[in-house]
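Next come the chains, spelled out residue by residue.
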Amino acid sequence: MPSSRARVLVMNSALGPLDYRVPHGMEVEPGSIVVAPLGPRQLIGVVWEPEHMPSDAEVGDNRLRNLIGVLPAPPLKAPLRRLIEWTADYYLSPPAAVARMALASTSALEGGRTITEYRATGTLPERMTPQRQQALDAIGERQGLIRELALAADVSDAVIRGLVKTGALEAVEVDIDSPFPLPDPDHAAPELSADQQLAADALTASTRAGLFQPYLLDGVTGSGKTEVYFEAVAAAIAAGRQTLVLLPEIALTEPFLKRFTARFGCEPVAWHSGLRQSQRRRAWRQIAEGQALVTVGARSALFLPYANLGLIVVDEAHETSFKQEDGVHYHARDVAVMRGLFEKCPVVLASATPAIETRQQVEIGRYAELKLPGRYGVAEMPTIEAIDLIAEPPERGRWIAPKLVRAIDEALGRDEQVLLFLNRRGYAPLTLCRTCGHRFQCPNCTAWMVEHRLVRRLACHHCGHIEPVPRVCPECRAEDSLVACGPGVERIADEAAALWPDAKTAIVTSDTIWSPAKAAEFVHRMEAGDIDIVIGTQLVTKGYHFPNLTLVGVIDADLGLEGGDLRAAERTFHQIMQVSGRAGRGEKPGTVYIQTHSPSAAVMRALVSGDADSFYAAETEARREADAPPFGRYAAIVISSEDKDAAHAAATLIGRTAPRVEGMHVYGPAPAPLAMLRGRHRFRLLVHARRALDVQDVIREWLGKLDWPSKVRVAVDVDPYSFL
Ligand code: ADP
Ligand code: ZN
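Predicted model only: the values in this text are computed from it and were never measured.

## Details of the site of ligand 1
Residues in close proximity to ligand 1 total 16 residues, the closest being Glu191, Gly222, Lys225, Thr226 and Arg259. One of the backbone N or O atoms of Gly222 is found 2.8 Å from an oxygen atom in ligand 1. A distance of 2.5 Å separates an oxygen atom of ligand 1 from a polar atom in the side chain of Arg259. Contact with the protein chains removes 80% of the 550 Å² of surface that ligand 1 exposes when unbound. Counting residues per element, the shell around ligand 1 draws most heavily on helix H8 (residues 225-238), at three residues. The residue makeup of the shell around ligand 1, split by class, is four nonpolar, seven polar and five charged.

## Re the pattern of salt bridges
Taken as a whole and judged by the stated rule, the model has 38 salt bridges. Of the charged contacts, one joins Glu289 and Arg285 as a salt bridge, the two residues approaching to 3.5 Å between their closest N and O atoms. Between Arg623 and Glu357 there is a salt bridge; the shortest N-O distance is 3.8 Å. In this pair, Arg623 sits in helix H18 (residues 612-626) while Glu357 sits in helix H12 (residues 356-363), placing the two residues 266 residues apart along the sequence. Residues Arg623 and Glu357 agree in their burial class; the two are buried.

## Details of the sheet that holds strand E8 (residues 213-219)
Spatial ordering of the open sheet is given by E10-E11-E9-E12-E13-E8-E14, a layout of seven strands whose pairing is parallel. Two strands in the sheet have a free side with no partner beyond their single neighbour: strand E10 (269-271) and strand E14 (368-372). Looking at each pair of strands side by side, their axes are set apart by 20 degrees on average, direction ignored. Where helix H10 (residues 277-288) meets the sheet, its contacts fall on strand E9 (242-246), E10 and strand E11 (294-297), and the angle it forms with E10 comes to roughly 115 degrees.

## Some details on the domain arrangement of the protein
Taken domain by domain, the protein consists of domain 1 (5-79), domain 2 (114-175), domain 3 (194-372), domain 4 (378-424 + 488-629), domain 5 (427-486) and domain 6 (632-718). Once you take the C-alpha centre of each, domain 2 and domain 5 turn out to be 63 Å apart.

## Things to note about the coordination of the zinc ion (ligand 2)
Looking at the metal site, the zinc ion (ligand 2) is ligated by Cys442 (SG), Cys445 (SG), Cys460 (SG) and Cys463 (SG), spaced 2.2 to 2.4 Å from it. Classification of the site at the zinc ion (ligand 2) rests on its four donor atoms, whose angles at the metal span 104 to 115 degrees, yielding the label tetrahedral. A residue is classified by how much of its surface remains accessible, and Cys445, at 1% relative accessible area, is buried.

## Considerations on the nonpolar core
Within soluble globular proteins, side chains that are nonpolar tend to cluster in buried spots. Core analysis: the biggest nonpolar cluster contains 83 residues, and Leu246, Trp284, Leu302, Tyr330 and Ile639 have the highest contact counts within it. For this core, the leading source of residues is helix H2 (residues 95-102), giving six residues. Once residues lying within four places of it in the same chain are set aside, the contact partners of Leu302 are Leu83, Leu244, Leu246, Tyr330, Ala332, Val335, Ala336 and Arg339. Judged by nonpolar contacts, the second largest core, of 36 residues, contains Ala251, Ile356, Phe421 and Val540.

## Some thoughts on the side chain of Glu570
Considering the arrangement of structural elements, one finds Glu570 in helix H16 (residues 568-580). For Glu570, the contacting residues outside a window of four places in its chain are Pro354, Ala355, Ile356, Glu357, Phe615, Tyr616, Glu619 and Arg623.

## Considering the environment of His461
Within the fold, His461 resides in the loop between strand E19 (457-459) and strand E20 (466-468). For His461, a relative accessible area of 31% puts it in the partly exposed group. Taking the C-alpha atoms as reference points, His461 and Cys445, 16 residues apart in sequence, are found 9.5 Å from one another. When sequence neighbours within four positions are dropped, the list of residues in contact with His461 reads Arg425, Val450 and His452. At 2.8 Å, the side chain of His461 forms a polar contact with the side chain of His452.

## With respect to helix H6 (residues 157-166)
Of all the positions in H6, only Val159, Ile160, Gly162 and Leu163 are classed as buried. Down the axis of H6, the smallest arc covering the buried residues is 155 degrees, so these residues share one side. Structural note: H6 exposes Ala158 and Lys165 on the side pointing more than 90 degrees away from its buried face. For H6, the secondary structure elements touched by its buried residues are helix H4 (130-139), helix H5 (146-153) and strand E7 (169-175). Gly167 occupies a position one or two residues after H6 and carries a positive phi of about 90 degrees.

## Some remarks on the environment of Gly310
Tracing the chain through its elements places Gly310 in strand E12 (residues 309-315). Under the relative-accessibility criterion, Gly310 is labelled buried at 0%. Sequence separation of Gly310 and Asp511 is 201 residues, and the distance between their C-alpha atoms is 37 Å. Contact partners of Gly310, with chain neighbours within four places excluded, come to Thr207, Arg241, Gln242, Cys345 and Pro346.

## Some remarks on the pairing of strand E26 (residues 632-641)
Where a strand is regular, its side chains alternate between the two sheet faces. Counting buried positions over the 10 residues of E26 gives 10, a clear majority of the element. Relative to strand E28 (residues 680-690), E26 is paired through 10 bridges, and the arrangement is antiparallel. In the strand pairing of E28, Val638 is matched with Arg684. Summarising the sheet, E26 and strand E29 (residues 713-718) pair through six bridges and their orientation is antiparallel. In the strand pairing of E29, Ala635 is matched with Val718.

The rules behind each value
The residue count restarts for each chain, going from 1 along the sequence in the order it is written. Written order determines the labels here, with chains lettered from A and ligands numbered from 1. Only residues with pLDDT of at least 70 get local features here, since the model is predicted, and only at 80 or more are side-chain atom pairs given and counted; chain-wide, interface and lining totals rely on the full set of residues. Neither water nor hydrogens contribute to the side-chain values; these are computed over all heavy atoms in the structure. A single heavy atom is enough: if one lies within 4 Å of a molecule or strand, its residue is considered near that molecule or strand. Between N or O atoms, a polar contact is any pair within 3.5 Å; within protein, one atom must be a potential hydrogen donor and the other a potential acceptor, and residues adjacent in sequence are included only when both atoms are from side chains. Under the convention used here, a 1.4 Å probe and the Shrake-Rupley method define accessible areas, while residue burial counts only the protein chains that appear. Each helix corresponds to a stretch of at least 4 residues labelled H or I by DSSP, and each strand to a stretch of at least 2 residues labelled E; elements are numbered beginning at the N terminus. Classification convention: Asp, Glu, Lys, Arg as charged; Ala, Val, Leu, Ile, Met, Phe, Trp, Tyr, Cys, Pro as nonpolar; all other residues, Gly among them, as polar. Salt-bridge detection follows one rule: a side-chain nitrogen of Lys or Arg within 4 Å of a carboxyl oxygen of Asp or Glu. Throughout, exposure labels follow a simple rule: accessible area from a 1.4 Å probe, protein chains only, divided by the maximum for the residue type, with under 20% read as buried, over 50% as exposed, and the rest as partly exposed. Criterion used throughout: strands pair if DSSP finds at least two bridges between them. Note on geometry: axes are C-alpha line fits, over the in-contact stretch for helices, and angles between N-to-C directions span 0 to 180 degrees. In what follows, a contact means two residues having at least one pair of non-hydrogen atoms within 4.5 Å. Annotation comment: domain bounds sourced from an automatic or database domain assignment. Donor atoms: N, O and S within 2.8 Å of the metal, or within 3.2 Å for Na, K and Ca. Because water is excluded, sites can look incomplete. In these descriptions, tetrahedral denotes four donors with every angle between 85 and 135 degrees, square planar four donors and octahedral six donors with opposite donors over 155 degrees apart and the rest between 65 and 115, and irregular any other case. Think of a nonpolar core as a cluster: buried Ala, Val, Leu, Ile, Met, Phe, Trp, Tyr and Cys residues, connected wherever their side-chain atoms sit within 4.5 Å. Relevant arc is that of directions from the helix axis to the C-beta atoms, nothing else.

Now the structure itself:
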């Protein structure tokens, strides 16, 4: 290729890579972020090696258009380019859609920006006035904007400007993206136990060596996994290399920032959807320049342009929220391992309840396992007991069984804290009319409307549609005839308030904890003893450490088993183990009660006996027999449209043209369990294939030959976690 030609991945997912001419005097290299013309518009793009990004529309030299410019941002490095290619390929997504996640701050791409600040020069003005004197005294060594200095000195802006004119103050250009403080690896290093030290040594050695190696850091809740991987973070900091810590939820950021600060003396860089634009650009630029040494974030932090990544940690690695369910359907845990491979650095997957997929990687020797056998210090694992809801049911109209009521009585009597876990937001999952039986359904989704009594609304948890709770039934006009069916957290909170009127309760769900600041407030209230009973969804199951919390009650342990997708039992096990892990983390022992209708189910028996190994062994065997992941694999094809006939026609076409391939089977199309979502009708096909088969290639070829109207959307989900 002549050097005046460049292949560019433009940020338009509908287009493949395009070729441009590099005008005289402009210099680009692979990874350069450029502005390219497209029709009358200008698009941002990334220069790519043509051999890595084939184009099916090669244009002759004479028809090339000139690139418009190169943006003043560091070029995307080769390991990140390889990651983008791999992700696009594996998840059957347009490379531009993946690359866009790397270019996550448009403002940062425009380069550094400065503002003008002022400081004293030491020369005094020829004409000194009392106000000028007052200003100079107040300013001293200070540097700031005119407005800031005027405020600090309690004079008008004009006085400050006057001082600038006389030469007593001078202008300084300051980069608005100030550097982040550097964490100190030796700030407060803990004394590790022997087991912890062993695990930490392996991680620090790998980090120093700068070699790719995935690790499963497997230890019960409270065993010190965080302390252990912090040692590897310290090693990376000492080597001047960057660390990325991925957390499954933004709500966990706040406790993490606190712990990190206690260990390293300052906060890491946080990356999540709640950042303001100025924070995003500052983080992006400092990460790209290698100045930001430790970044903690949700899964989107995975594609940022780290200048020299030396360590990746995926905390709570079993969490299914690492799987993105729209846009590029990637699994951040799996992509993190690939990034480690391309960047040549260790990847630590930390979990008390590792996923079967991860255990299998250990089994076949691809991941190294580091085990922490017990809780740190005096803390013991909690005892877990099942409450049989058939043998010992709650009173009519109640949800807390008598045995759990007694246990709560006792815990509150000892001034200890209680956590009641129910993974359902709102007051009741279903509202119906007792006169005519009418059920309130979302107009846009195949889903019941959930009553949220605190805000007096019915809400759809799929599309966010809300309605006021009507006084009369819209169907039969009966008055005051609506009844709430089943419990949500708000209903449990009502029950707790009725049973223990003096206890202070708090509801913790995404409705109440919607920002890191809200999470911080909750932690603070728990620590101050300002809450006696927490009623929460899966949001409270992870990460928190409250030494005075000794009792956990699982209101409905069977909930996660409904629907029965292939990971239902495993997910239930993880969730209840995690929530149990909140009990008895300090000196006082913890107790967990799980309310269930089927105490003899394998997952309940495993929870009570604490015999995780035989549960996993049985689950793994069942997966092996069914050729389910991680032994076989699935890919889902979801066809949706507001026009039901069009969706159906496209689904039929895709089903009819399914290739016959040895080792692959296609099920469907069939209406999806969520047959309507956000006003779109949905059909699904499920592809089941042997591990060794390149199922992506087959699907690419199959769908690549077909056409459907633009109002139909076809989304492929490789390794799906949701089967709805
Ligand atoms: P995990 O991440 O496995 O749940 P943590 O790292 O949160 O465990 O440790 C649980 C608690 O024990 C935390 O309060 C932590 O600070 C404390 N801890 C663990 N190991 C040590 C240690 N070596 N020295 C002091 N405190 C420790
Ligand atoms: Zn809806």
